[in-house]
Amino acid sequence: MVSLRHPSELPVVGVVADGRTYRHLLYLLLAVPLGLVYSAVFTFGVAFGLALSVALVGLVVLFATLIGARLAAGLERRLANALLGTHLLRPDDLAAADGALAGARKYVDAPSTWRGLGFLSLKFWVSLLAFVPLVLLASALPLVAAPLRYPYTADFGEVNGEPVTWAIDTLPEALVALPLGVAGVLLALHLANLAAYVARRMALALLGRPEPSEPLPAVSVSGDEGGSDSANGDGDEGGDGDTDDDGDTGGHGTAGNGDTGGHGTAGNGDTGGDEADASGDFDFVDDPAPADRDGDAR
């Protein structure tokens, strides 16, 4: 039976049918003005606050800048969750404090405050990176529609003060422009996804905390065949344990008769058994089969 692939899974051109691509484009469109605003406001706040730090007003400006950075980081966390596919929660590193001074200090001491400020500082460079796919997309889309709108002049900006244009006056020229426009659109969409990937990694590293994953079910390790569970502390194999002092197998066993490890061996089970129960995990290395351990004992 032939299974049809979703168009978004196709190589190279699948990016056009992937809904995440357009969410990434929206994120980059918002990143351009936001990055410029963050750069101007917080650079001015930090510089002005440090310059006046000898006076009380400078400290107030610096503190207001930090609070503003936390608010802006909260906005960026929501944008990342909505448009970049992250699942970030609010940071919970604010300590309880009594009094105005202690309440202000908890924001300064919180690592999330400084991580958020770092993200906002880097967001300016993300906005610059976003210009590349956005400008390329804006230049390529008119070429895709060239067969429907010629004659017209495509404008590609300026170089050394001179405008770069392409006058498309005939149908052959429009047909040449069409594949060039399609290639430009595909390249722009891939670059948009790349820029969004960089922003997503930044958000995961600097904003909030990831949602906890589902806990894995507890795995019990049994080491006996017909009796007690070694993880529960019996450490026995075919009844009560290992070889006893008379040399037979399946008797009372090691417990209390002074074999290697003494009663501690039978009381605590195999090495790592109780440790696995106490810590809730183990190293995924299977214990030797009971028959093999009986052969070693004999």
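Residues numbered from 1 in each chain as written. Predicted model: local features only at pLDDT ≥ 70, side-chain atom pairs only at ≥ 80, totals over all residues. Heavy atoms only, no water.

1. Things to note about the overall build of the protein chain
Looking only at helices and strands, the protein chain features nine helices and four strands. From first element to last, N terminus to C terminus, the protein chain shows the α and β order α-α-β-α-α-α-β-β-α-β-α-α-α. Looking at the 298 residues of the protein chain, the share that counts as buried comes to 32%. Here the contacts in the protein chain between residues at least 6 apart in sequence split such that 59% fall between residues at least 24 apart. Taken as a whole, the protein chain presents about 18,000 Å² of accessible surface, with 62% of it coming from carbon and sulfur. (Helix = DSSP H or I, 4+ residues; strand = E, 2+ residues; numbered from the N terminus. Buried < 20%, exposed > 50% of the residue type's maximum accessible area, 1.4 Å probe, protein only. Contact = heavy atoms within 4.5 Å. Areas by Shrake-Rupley, 256 points an atom, 1.4 Å probe, with all protein chains shown as cover.)

2. Points about the environment of Ala40
Assignment of secondary structure puts Ala40 in helix 1 (residues 19–51). For the pair formed by Ala40 and Phe124, sequence separation is 84 residues and the distance between their alpha carbons is 9.5 Å.

3. A look at the pattern of salt bridges
Summed over the entire model, instances satisfying the criterion amount to three salt bridges. Of the charged contacts, one joins Arg20 and Asp18 as a salt bridge, the two residues approaching to 2.8 Å between their closest N and O atoms. Between Glu76 and Lys123 there is a salt bridge; the shortest N-O distance is 2.6 Å. Taken together, the positions of Glu76 in helix 2 (residues 56–83) and Lys123 in helix 4 (residues 111–144) put the pair 47 residues apart, joining distant regions of the chain. Both residues of the pair, Glu76 and Lys123, count as buried. (Salt bridge = Lys/Arg side-chain N within 4 Å of Asp/Glu carboxyl O.)

4. Structural notes on the packing of aromatic side chains
Counted according to the given criterion, the structure contains four aromatic pairs. A ring pair is formed by Phe63 and Tyr107, whose centres lie 6.5 Å apart and whose planes are at 75°; its orientation type is edge-to-face. With Phe63 in helix 2 and Tyr107 in helix 3 (residues 100–109), this pair connects stretches of sequence that are 44 residues apart. Assessed through its relative accessible area of 29%, Phe63 is described here as partly exposed. For Tyr107, a relative accessible area of 25% puts it in the partly exposed group. Here the aromatic rings of Phe124 and Trp125 are separated by 5.3 Å at their centres, their planes lie at 75°, and the arrangement is edge-to-face. (Phe/Tyr/Trp six-rings, centres within 6.5 Å; stacked < 30°, edge-to-face > 60°.)

5. Some words on helix 4
The terminal C-alpha atoms of helix 4, which comprises 34 residues, lie 49 Å apart, in line with the 50 Å expected from a rise of 1.5 Å per residue. Where helix 4 bends most, at Lys123, the angle is about 25°. (Expected span 1.5 Å × (residues − 1). Bend = angle between axes of the 7 residues up to and from the residue.)

6. Structural notes on the packing of helix 4 against helix 6 (residues 171–206)
With their axes 7 Å apart at the nearest point, helix 4 and helix 6 run at an angle of 170° to one another. Put simply, helix 4 runs roughly antiparallel to helix 6. Looking at the contact of helix 4 with helix 6 residue by residue, the class counts come to 26 nonpolar, four polar and two charged. (Axes fitted to C-alpha atoms, helices over the stretch in contact; angles between N-to-C directions. Parallel < 35°, antiparallel > 145°, perpendicular 65-115°, else oblique. Nonpolar A, V, L, I, M, F, W, Y, C, P; charged D, E, K, R; others polar.)

Geometry only, nothing functional implied.
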